[in-house]
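A closer look at the structure
These are the residues of each chain, in order.
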Amino acid sequence: MSDSLAEPTAFTRAQIGWTPWLPPLTEAELTPRHLEALIDAARAKNPYFRLLARDPAALQHRTLADKDIFYNPEGGAPRADRELAATAVSRANGCIYCASVHARFAATYAKREADVDRLLEEGTGADLGERWNAIVAASVALTATPIAFGPAHVQRLRAAGLDELGIADVIQSAAFFNWANRLMLALGGATVPA
Amino acid sequence: MTDTIDRLAGIAPGSALEKIRAGRPAARDHAEASHRALLSPDAPGDVSLAERFAVARFVAGLHGAPEAVALYAAGLAQHGGAALAEAVAQAAAATAATGPRGAFPPGPLSAEDSPAPGFALPPAVAALLGAKLATAFAYAHFLVFHPRDAAPERFAPLQAAGWTPDGLVTLSQLVAFLAFQIRVAAGLRVLATTP
């Protein structure tokens, strides 16, 4: 790691960096199969995705599942709620990098910067109003091992106004970040300018 | 058509939950394609099918997820044999813990630190697994229960046991994917059965 970079010591909505701990493929090493797996051509510049390209099929299907879980606009939970679930899971697992990215999305889509900052600063027990409290509680319960998600979480989400597809969206978003956090944490470190 | 998450969650054809999953068709298809890529790849490369199912059975056991344990135990018995399957079952039982735990970078978050669970395989189990799987299980145990304790030094014992960079990416994807698959199934099972 470069001398000019340090590890962030707090959760933040600011842009932070990420440095791989295993060697990514170089751009010159990327074959058409790797480029197909990256989905977005711009990701060839990104060391995280060039590292994951070592298993192209796993990367490709991870990325396409991710996009549908978060971006599919057909009903269900609004994007802000899905990004909130991603942020809450990242806060619980301790992925400062993932939390920074999805806290920015949650704050932008919901226009609730102060609430997102409270989640980052105080943790998953922060009071964000009942709808968001229900989503955070469900996400945290699903993140526990053994899994602690139960009927009371579903009933609370319904009472907060989420329909069945919306609850499934929260479940899939929270579950997906238990995948994403582990890749991001295990394969490299978050960085900020020293 | 029923897929792996349907089977793990107990979602029946024609049920309300099947229709809800159909509302996110790409998520459904690519979760299943991820399962195939990691558990039954066209070319296993640096990680054998026996190793993949051994890790999957171990991770399912650490999650206390009975449907996933049954699924991956059957695959392990097929690809790795009964003696390996028994050793993996003993490894999971001997190292059960709770998460997420671990230490944050030293600073204001240190007040939230919680000690990492221990990891010690019974010597006879470690001997039967061999160094490649034993180091993979230590890594999977960390990644399941205390992923914020990640560090570049964690790869050294795996590399010494023969894990390549490609193999380490596949191993990381497998453990992380299972953390997703088991949670989607658990969550949808609760959703389907809560009146």
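These numbers were taken from a predicted model, which means no experiment stands behind them. (Residues numbered from 1 in each chain as written. Chains lettered and ligands numbered in written order. Predicted model: local features only at pLDDT ≥ 70, side-chain atom pairs only at ≥ 80, totals over all residues.)

**A word on the overall build of chain A**
Defined as follows: Under the DSSP-based scheme used, a helix requires at least four consecutive residues in state H or I and a strand at least two consecutive residues in state E, with every element numbered from the N terminus. Three exposure classes are used. Buried residues have 20 or more other C-beta atoms within 10 Å of their own C-beta, exposed residues have 12 or fewer, and partly exposed residues fall in between, all C-beta atoms being placed from the backbone. Residue pairs qualify as contacts under a 7 Å threshold applied to their C-beta atoms, which are placed from the backbone.
Each helix and strand in chain A was counted, giving nine helices and three strands. Taken from N to C terminus, the helices and strands of chain A fall in the order β-β-α-α-α-α-α-α-α-α-α-β. Viewed in the frame of its principal axes, chain A has a C-alpha envelope of about 55 × 35 × 35 Å. Scored against the burial criterion, the 194 residues of chain A give a buried share of 51%. A separation threshold of at least 6 residues defines the contact pool for chain A, and within that pool the share at least 24 residues apart is 67%.

**Points about the overall build of chain B**
Let me state the cut-off plainly: Using C-alpha atoms as the atom set, the radius of gyration is obtained and then compared with a globule rule of 2.2 Å times the number of residues to the power 0.38.
Per the secondary structure count, chain B includes nine helices and zero strands. Element order for chain B, N to C, with α for helix and β for strand: α-α-α-α-α-α-α-α-α. By the compact-globule yardstick of 16 Å for 195 residues, chain B fits well, its C-alpha radius of gyration being 17 Å. Along the first, second and third principal axes, the C-alpha atoms of chain B reach 50 × 45 × 30 Å. Of the contacts formed within chain B by residues at least 6 apart in sequence, a portion of 71% connects residues at least 24 apart.

**Points about the pairing of strand β3 (residues 188-193) of chain A**
All names here are of chain A. Under the convention used in this document: Two strands pair if DSSP finds at least two bridges between them.
Strand direction decides the pairing type here: strand β1 (residues 5-6) and β3, joined by two bridges, are antiparallel. Note on β3: the bridge partner recorded for alanine 6 is valine 192. Of the strand pairs in this sheet, strand β2 (residues 17-20) and β3 are connected by four bridges, and their pairing is antiparallel. Each bridged residue has a counterpart across the sheet, and for proline 20 the counterpart in β3 is glycine 188.

**Considering the packing of helix α9 (residues 164-187) of chain A against helix α9 (residues 165-193) of chain B**
Threshold: Orientation is described by axes fitted as lines to C-alpha atoms, over the contacting stretch for helices, and by angles from 0 to 180 degrees between their N-to-C directions. Just so you know how the angles are binned, under 35 degrees is roughly parallel, over 145 roughly antiparallel, 65 to 115 roughly perpendicular, and the rest oblique. Take the far helix as your reference; a near helix turned counterclockwise from it by less than a right angle gives a left-handed crossing, and one turned clockwise gives a right-handed crossing. For this scheme, ten residues count as nonpolar: Ala, Val, Leu, Ile, Met, Phe, Trp, Tyr, Cys and Pro. Four count as charged, namely Asp, Glu, Lys and Arg, and the remainder, Gly too, count as polar.
Viewed as axis vectors pointing N to C, α9(A) and α9(B) meet at an angle of 160°, and their least axial separation amounts to 8 Å. By the angle between their directions, the pair α9(A) and α9(B) is classed as roughly antiparallel. Between α9(A) and α9(B) lies a crossing of right-handed hand. Along the lines of polarity and charge, the residues of the contact of α9(A) with α9(B) split into 18 nonpolar, five polar and three charged.

**Let's talk about the domain arrangement of chain A**
Residues and elements named next belong to chain A. The condition is simple: Each domain's extent is set by a domain assignment, obtained either automatically or from a database.
Domain annotation of chain A identifies domain 1 (14-70 + 186-193) and domain 2 (76-180). Its C-alpha centre places domain 1 at a distance of 24 Å from the equivalent point of domain 2. Taken together, the contact between domain 1 and domain 2 spans seven residues of the former and eight residues of the latter. For the side of domain 1 that touches domain 2, the leading source of residues is helix α3 (residues 56-71), giving three residues. In the side of domain 1 that touches domain 2, the residues fall into six nonpolar, no polar and one charged.

**Let's talk about the nonpolar core**
In plain terms, the rule: Note on terminology: a nonpolar core is any set of buried Ala, Val, Leu, Ile, Met, Phe, Trp, Tyr and Cys residues joined through C-beta atoms within 7 Å.
A:Val170, A:Ile171, B:Val55, B:Phe58, B:Val59, B:Ala140 and B:Val175 are the most contacted members of the largest nonpolar core, which totals 127 residues. By residue number, the principal contributor to this core is α9(B), which donates 17 residues. Contacts of B:Val55, omitting those with residues within four sequence positions, involve B:Ala136, B:Ala140, B:Leu171, B:Leu174 and B:Val175.

**Description of helix α6 (residues 82-94) of chain B**
Each α-helix turn comprises 3.6 residues. Residues three or four places apart therefore point the same way. Residues and elements named next belong to chain B. Going by this rule: Every helix has an expected span of 1.5 Å times one less than the residues it contains. Note: the arc covers the axis-to-C-beta directions of the helix.
Compared with an ideal rise of 1.5 Å per residue, which puts 13 residues at 18 Å, α6 spans 18 Å between its outermost C-alpha atoms and is within 8% of the ideal. Among all positions of α6, only Leu84, Ala85, Ala87, Val88, Ala91 and Ala92 are buried. Across the axial projection of α6, the buried residues extend over an arc of 160°, all falling on one side. For α6, exposure combined with an orientation more than 90 degrees from the buried face picks out Ala82, Ala83, Ala93 and Ala94. Residues of α6 that are buried in the fold lie against α4 (49-62), α5 (66-80) and α7 (123-145).

**Considering the interface of chain B and chain A**
Frequently, the measure chosen for interface size is the accessible area that the parts lose on association. Each partner contributes residues to the interface: chain B has 54 residues there, and chain A has 55 residues. Those elements giving two or more residues to the side of chain B that touches chain A turn out to be α3 (25-39), α7 and α9 of chain B. Examining the composition of the side of chain B that touches chain A, we find that 19 residues originate from one element, α9(B), more than from any other. Looking at the side of chain B that touches chain A residue by residue, the classes come out as 35 nonpolar, 14 polar and five charged.

**Brief notes about α3(A)**
With 16 residues, α3(A) ought to run about 22 Å at 1.5 Å a step, and its terminal C-alpha atoms sit 22 Å apart, in line with that. Taken residue by residue, α3(A) has A:Ala57, A:Ala58, A:Leu59, A:Gln60, A:His61, A:Arg62, A:Ala65, A:Asp66, A:Asp68, A:Ile69 and A:Phe70 as its buried positions. Along its buried surface, α3(A) packs onto α1 (32-38), α2 (47-52), α4 (79-93) and α9 of chain A together with α3 and α9 of chain B.

**Comments concerning the sheet that holds β1(A)**
Read from one edge to the other, the open sheet built from three strands follows the order β1-β3-β2 (chain A), with strand pairing classed as antiparallel. Every other strand in the sheet has two partners, leaving β1 and β2 of chain A as the edge strands with one partner each.

**Some details on unusual backbone geometry**
Following A:Thr145, the chain continues to A:Pro146 via a peptide bond in cis, the omega torsion being -5°. Structurally, A:Pro146 can be placed in the loop between α7 (130-143) and α8 (151-159). Cis geometry is adopted by the peptide bond preceding B:Pro100, which originates at B:Gly99 and carries an omega value of 0°. Relative to the helices and strands, B:Pro100 is located in the loop between α6 and α7.

**Notes on the packing of α7(A) against α8(A)**
Residue and element names in this part refer to chain A. Contact geometry for α7 and α8: axes closest at 9 Å, N-to-C directions at 155°. Taken as axis vectors, α7 and α8 run roughly antiparallel relative to one another. In this structure, the crossing between α7 and α8 has a hand that is left-handed. Of α8, the residues touching α7 (which contributes Ala134, Ala137, Ala138 and Ala141) are His153, Arg156 and Leu157.

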